[in-house]
Amino acid sequence: MMLSFMVLLGIFLPKTVATATAAADTQDVLISDLINWLRANGAFINDKIQIRHINPDDPSSPRGLFALKPLEEGETVCNIPWELIISPSEKPVPQDERHEQLDCGTINAVFEEIGKSDSDNMTPYGKYLLSQPRGYTLGFWSNEGQDLFWEMTDNDKLPPVWIDDILQDWEDECGGNIDNSLHVFAVMLVKTRADYQYLVPFYDMTNHNNRKTNVVHKYHTYRDPIDKTGFEIVTSKPILAGDELFISYNQCTICDQYYDWFGTPEMFLHYGFVEGYPQRWLFDFARVKFDLDWRDGDEETGEVVVNFLVPPSKKGMELLKNELDRLDKFGQQREQTFLEGDIPAYELKSLWEYYDALHDALRYAVESNVTLVDDVWLMDDNWWVKDGTLKAEDVGEHSVRPSKKLDNEEL
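Anyway, here's the lowdown on the structure attached to this text. Everything numeric in this text was worked out from a predicted model, so none of it was measured. (Residues numbered from 1 in each chain as written. Predicted model: local features only at pLDDT ≥ 70, side-chain atom pairs only at ≥ 80, totals over all residues. Heavy atoms only, no water.)

1. As for the state of the cysteines
Point 1. The final tally for this structure, using the stated rule, is two disulfides.
Point 2. A disulfide bridge connects C104 with C174, and the sulfur atoms are separated by 2.0 Å. Taking the torsion about the S-S bond as the criterion, the C104 to C174 disulfide, at about -65 degrees, is left-handed. On the criterion of sequence distance, the pair formed by C104 in helix α2 (residues 104-114) and C174 in helix α5 (residues 165-174) is long-range, its members being 70 residues apart.
Point 3. Counting its disulfide-bonded cysteines in sequence order, the protein shows a connectivity of 1-2, 3-4. (Disulfide = S-S within 2.5 Å. Helix = DSSP H or I, 4+ residues; strand = E, 2+ residues; numbered from the N terminus.)

Take a look at the structure:
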């Protein structure tokens, strides 16, 4: 596939305090065993770094990588040898040009690892992966949860789009079995944790933050011989003791295929969380693309600013206004209707978190005081392309759909 990055490490389903504490204790043992196994088999894990809960007083809070001591710029965070990385298996898959993009071999390798009947033959990394929560990303929600999400996003008009393609592609292109729960879990693990076609232990515990990124790849996963160098990440700036280590899931140094189109909606689809500011939004049907951030990058200002990456048009803003009005009605009608019922509580919580972010993005754009011009509708399908390596013609490698004005339509 293109580049699919790690999930936010500690996303947990709702638990009681006692259950959360027990689960945390189990995870601590699995992580300790994993790190010991990695070091015993040639991996370098910087001893100035620890894995802990973001909120040490809350055992249900996500985990992250934290500096125990100051780290200098350029210090190695970890180097994972090729032999400890889960890479595509040699198991045959249908001969389709998309099978590599779809991670067929990697999914098969993960399935084989977590499906071992004798747990003694499973690596500590396999045991760690098997312990991860299931079904928290949109493509793996219940049918009822997905149906409500489709209603909210106007049947794929608003992003993210193609939310049901992940499992369907696995079945159609890779010969996968969507009725096998462990198969489905392997698909989710790869889609949420893989870097290119590889699952890399320890590295996949690094959380995302585009503002606070302080860790980068030393080698390019696509181009460099990581089977010889190992998979290595290094600090990109000095890090103080107590600070968390962050990488970017969509604007990293090797994320060039993601630069122009993979934003906040895609982050939610692939990784299951709504990122904080800065955010990127692309509405292909309206040909509107913009970033949201705090003024001067400072949350204390309390002011969010819109940076349009393509000059917006009157038609585009009208289309967004129509969707904003429809979202208002959806919120009024549905928020109370689905407080209880067949949709799991975690899915509802995630849906309304995304609703708030989507609603805010549309509102900020519509209410912005910006000069409107028609130029974007005179451009070809590459209207959204700027910094990345993908173009509109790379169908299947991005989710930006073609949009044209009608021949008899006035701008």
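2. Considerations on unusual backbone geometry
Point 1. Backbone torsion omega between P159 and P160 reads 0 degrees, so that peptide bond is classified as cis.
Point 2. Secondary-structure assignment places P160 in the loop between α4 (143-152) and α5.
Point 3. Of note, the bond from Y277 into P278 is cis; its omega dihedral lies within 30 degrees of zero at 5 degrees.
Point 4. The residue P278 is located in the loop between α8 (264-271) and β9 (279-283) in this model.
Point 5. Positive phi is not limited to glycine here, since D156 has a value of about 80 degrees.
Point 6. Phi is positive for F202, close to 75 degrees, though the residue is something other than glycine.
Point 7. If you trace the backbone, F202 turns up in the loop between α6 (181-193) and β5 (207-208).

3. Regarding the sheet that holds strand β7 (residues 231-235)
Point 1. Taken in spatial order, the four strands of this open sheet run β1-β4-β7-β6, and their pairing is antiparallel. Each of the sheet's edge strands pairs with one partner strand only, and the pair in question is β1 (44-45) and β6 (215-217).
Point 2. With two bridges joining them, β1 and strand β4 (residues 76-80) adopt antiparallel strand pairing. Across the sheet, residue F44 finds its bridge partner in β4, namely N79. (Pairing = 2+ DSSP bridges.)

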